[in-house]
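Observations on chain architecture
Spelled out from the first residue to the last, the chains are:
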Amino acid sequence: QVQLVESGGGLVQSGGSLMLSCAASGVIFRIDHMAWYRQAPDMPREFVATITNGGRTNYADSVKGRFTISRDSAKNTVYLQMNSLKPEDTAVYYCYLDHSDGMGYWGKGTLVTVSS
C-alpha cells in the first residue's frame, strides 16, 4: 500500500504564491509518474500538472506559465509551486501517484483558497 499526504494549502490573496507538497510513503517499488489534480466546489476533478519518472512535465493550459511541478525522487515527494494565483484557482488540490504495480493512489487533498 502507498499513502500520499499533501500539505501547503491555505488562504492567499490574488497574485500571491503557494507551494504544495505531497509525500509518498509505504511499499514503493517504482513510481511511473506523479501528478496534481484539483476540484473546485460543484465541479469535476481536473488535471493540473504531471511529472514523469524521467522528469518530463505537462500542464493544463489554465496554469501554464504560473505553476511549476517538481519532484524529489529520493524523498518520493512531488511539489507544486503556484505563482500569480487567481480566485479561479480556488480548489482542493489532490496528489496522484501512478505506481509500477499498476495501481493509482490519491491523497486526501489540501484546500487552496485565493481571495480577490
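Please refer to the structure placed before this passage.
What this report covers is the structure whose coordinates are included nearby. Given the structure is predicted, the values throughout are model-derived calculations rather than measurements.

Two aromatic rings are characterised by how far apart their centres lie and by the angle between their planes. This model, assessed by the stated rule, comprises four aromatic pairs. Ring centres 5.7 Å apart and planes at 75° place the aromatic pair tyrosine 37 and phenylalanine 47 in the edge-to-face group. Of this pair, tyrosine 37 sits in strand E4 (residues 31–39) while phenylalanine 47 sits in strand E5 (residues 46–52); the two residues are ten residues apart in sequence, bridging distant segments of the chain. Using a relative accessible area of 22% as the deciding quantity, one classes tyrosine 37 as partly exposed. By relative accessible area, phenylalanine 47 is classed as partly exposed at 27%. Relative to tryptophan 106, the ring of tyrosine 37 lies with its centre 5.0 Å away and its plane at 65°, an arrangement referred to as edge-to-face. Remark: tryptophan 106 occurs in strand E10 (residues 104–106) and tyrosine 37 occurs in strand E4; sequence separation between them is 69 residues. One residue, arginine 45, lies across the ring of tyrosine 94, its end atom 3.7 Å from the ring centre.

A few words now on the state of the cysteines. All chains considered together, the criterion is met by one disulfide. Paired by a disulfide, cysteine 22 and cysteine 95 hold their sulfur atoms 2.1 Å apart. Between cysteine 22 and cysteine 95, the disulfide has an S-S torsion of -85° and is therefore left-handed. Placement of the pair is cysteine 22 in strand E3 (residues 18–26) and cysteine 95 in strand E9 (residues 91–99), with a sequence separation of 73 residues. Residue cysteine 22 is classed as buried on the basis of its relative accessible area of 0%. Of the residues examined, cysteine 95 reaches a relative accessible area of 0% and is grouped as buried.

Counted according to the given criterion, the structure contains five salt bridges. Residue glutamate 46 pairs with arginine 38 through a salt bridge whose shortest N-O separation is 2.6 Å. The shortest N-O distance in the salt bridge between aspartate 61 and lysine 64 comes to 3.2 Å. Given the relative accessible area of 47%, lysine 64 is considered partly exposed. Via salt bridges that share partners, Arg38, Glu46, Arg66 and Asp89 belong to a single interconnected network.

What counts and how
Sequence positions are assigned chain by chain, starting from 1 and proceeding in written order. Restriction of local features to residues with pLDDT of at least 70 applies here, the model being predicted, together with a cutoff of 80 or more for giving and counting side-chain atom pairs; totals for whole chains, interfaces and linings are based on all residues. Hydrogens and water are ignored here; the side-chain numbers use all heavy atoms of the structure. Stacked, tilted and edge-to-face are the three classes applied to pairs of Phe, Tyr and Trp rings, where Trp contributes its six-membered ring and a pair requires centres within 6.5 Å; stacked means planes under 30 degrees apart, edge-to-face means over 60, and tilted covers the rest. Helix and strand assignments come from DSSP, with helices taken as H or I runs of at least 4 residues and strands as E runs of at least 2, each series counted from the N terminus. Each residue is assigned to one of three classes by its accessible area relative to the maximum for its type, calculated with a 1.4 Å probe on protein chains only: buried under 20%, partly exposed between the two thresholds, exposed over 50%. A positively charged side chain is recorded as over a ring if its NZ (Lys) or CZ (Arg) lies within 6 Å of the ring centre. The angle to the ring normal must also be within 35 degrees. When two cysteine sulfur atoms lie within 2.5 Å, the pair is treated as a disulfide. Salt bridges are identified by distance alone: a Lys or Arg side-chain nitrogen within 4 Å of an Asp or Glu carboxyl oxygen.

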